[in-house]
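Examining the three-dimensional arrangement
The primary structure of each chain is shown beneath.
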Amino acid sequence: MTVFTLPFTKIGSADHARVGGKCASLGEMTQAGVAVPTGYAVTTDAYVAMLDETGLRSEIEAQLASTNFDDVTSLERSAQAIQIRFRSHKMPASVEAAIRADYDGMGTDLPVAVRSSATAEDLPDASFAGQQDTYLWVVGSDAVIAHVRYCWASLFTARAMKYRQDHKLGQIDVLMSVAVQKMVNAQTAGVAMTLNPLNGDRTRIVIDASYGLGELVVSGIVTPDNFTVEKVLMEIIDRKISDKHVEL
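These lines cover the structure that appears in this document, whether it is placed above or below. From a predicted model like this one, the values you see are computed outputs, not experimental measurements. (Residues numbered from 1 in each chain as written. Predicted model: local features only at pLDDT ≥ 70, side-chain atom pairs only at ≥ 80, totals over all residues. Heavy atoms only, no water.)

Moving on, we come to the sheet that holds strand E8 (residues 225-230). Strand order in the open sheet formed by four strands is E6-E7-E8-E9, and the pairing between neighbours is antiparallel. Whereas interior strands pair on both sides, the edge strands pair on one side only; in this sheet they are strand E6 (188-193) and strand E9 (235-240). Averaged over all neighbouring strand pairs, the angle between strand axes comes to 25°, with direction disregarded. Two strands pair when backbone bridges link them, and E6 and strand E7 (residues 204-211) are joined in this way by six bridges, in the antiparallel orientation. Following the sheet pairing, Thr188 is matched in E7 by Tyr211. (Pairing = 2+ DSSP bridges. Helix = DSSP H or I, 4+ residues; strand = E, 2+ residues; numbered from the N terminus. Axes fitted to C-alpha atoms, helices over the stretch in contact; angles between N-to-C directions.)

What follows is about the nonpolar core. Nonpolar side chains in soluble globular proteins generally cluster together in the buried interior. Counting residues in each nonpolar core, the largest one holds 44 residues, and the members touching the most others are Phe86 and Trp152. Here this core takes six residues from helix H6 (residues 141-153), the largest share from any one element. Leaving out residues up to four positions away in the same chain, Trp152 has contacts with Val42, Ala46, Tyr47, Met50, Phe86, Met91, Val95, Met176 and Val178. Counting eleven residues, the second-largest nonpolar core is a separate cluster that includes Leu6, Phe8, Ile11 and Ala41. (Core = buried A, V, L, I, M, F, W, Y, C linked by side-chain atoms within 4.5 Å. Buried < 20%, exposed > 50% of the residue type's maximum accessible area, 1.4 Å probe, protein only. Contact = heavy atoms within 4.5 Å.)

Further remarks concern the packing of aromatic side chains. Enumeration according to the criterion identifies four aromatic pairs in this entry. With centroids separated by 6.2 Å and ring planes inclined at 15°, the aromatic side chains of Tyr47 and Phe86 adopt a geometry described as stacked. In this pair, Tyr47 sits in helix H2 (residues 44-53) while Phe86 sits in helix H4 (residues 72-88), placing the two residues 39 residues apart along the sequence. Put simply, the rings of Tyr47, Phe86, Trp152 and Phe156 pair up and form one aromatic cluster. A cation over an aromatic ring shows up here: Arg164 above the ring of Phe156, its NZ or CZ 5.2 Å from the ring centre. (Phe/Tyr/Trp six-rings, centres within 6.5 Å; stacked < 30°, edge-to-face > 60°. Lys NZ or Arg CZ within 6 Å of the ring centre and 35° of its normal.)

The subject of this paragraph is the sheet that holds strand E1 (residues 5-7). Pairing within the open sheet is antiparallel, and its five strands lie in the order E1-E2-E5-E3-E4. In this open sheet, the two edge strands, each paired with only one partner strand, are E1 and strand E4 (134-138). Across the sheet, the axes of successive neighbouring strands diverge by a mean angle of 20°, strand direction being ignored. Examined bridge by bridge, E1 and strand E2 (residues 39-42) share three bridges and lie antiparallel to one another. Residue Leu6 lies in a different strand from E2, and its bridge partner there is Ala41. Helix-sheet contacts for helix H1 (residues 16-31) involve E1, E2, strand E3 (112-118) and strand E5 (176-182), and the interaxial angle to E3 is about 125°.

Across the interface, helix H3 (residues 56-65) lies against H4 with an axial gap of 10 Å and an inter-helix angle of 170°. Between H3 and H4, the interaxial angle falls into the category roughly antiparallel. Side by side, H3 and H4 meet where Leu56, Glu59, Ile60, Gln63 and Leu64 of the first sit next to Ser78, Ala81, Ile82, Arg85 and Phe86 of the second. Partitioning the contact of H3 with H4 into residue classes produces six nonpolar, two polar and two charged. (Parallel < 35°, antiparallel > 145°, perpendicular 65-115°, else oblique. Nonpolar A, V, L, I, M, F, W, Y, C, P; charged D, E, K, R; others polar.)

Take Gln132: it is sitting in the loop between E3 and E4. Given the relative accessible area of 7%, Gln132 is considered buried. In sequence terms Gln132 and Gly105 are 27 residues apart; their C-alpha atoms lie 27 Å from each other.

Moving on to the pairing of E7. When a strand is regular, its side chains alternate between the sheet's two faces. Where E7 meets E8, six bridges bridge the pair, whose relative direction is antiparallel. Its bridge partner lying in E8, Arg204 is registered against Glu230.

Once that is clear, we can look at the pairing of E9. Bridge count for E8 against E9 is five bridges, and the pairing is antiparallel. When the sheet's bridge partners are listed, Phe227 is paired in E9 with Arg239. Connecting the antiparallel pair E8 and E9 is a turn made up of four residues, with Met234 showing a positive phi of about 55°.

Here is the structure:
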């Protein structure tokens, strides 16, 4: 059965192939009762419809056939050509209607994040961290439609294409879901890891955080504060306070 959108409340880990790693995790956390901002996934069915109903798939395959992945100029030229094709094709009407309906159901002109969720993300040997695009504070159904297309197109940036080539993941075979999720007007934000990434110690939680939204932390624009927390007693056992010179 073709489904173009799924709310987080109906998504679990078994839906990974349809909603990608990020949306599957958001759905699992939502169903577990974690305070996840409301949202929905634009499924891989929508992405496949975009490829097949517009003729985009054959255009991408033709471009890939002429790409030298070991030549930076050739790779960048192909990436730009494919992204232009994504932006030039109109989204299938049935896909657009489903995205608009779910967005309108969240509230009037609600600010949302539009986030990529590829099926090859968050794998044991291929994380894809930062390879595809995220757009913050998107307002209005027209803008959401446009930014879903931008997310799809970011599957074919030069860096993402090279990453897939090096990891033998294929190009056209990797599918893209997109998360549309209510924005959080964060005073502080960051990243929490449920082990110490330096040595794998699972008795520790390591947190990087800065003022405002977390985008400046994950993009490396600011050096965040760093905290190491002991899991059992939930006490901070180490902290490094940094010069956080800019806030988003």
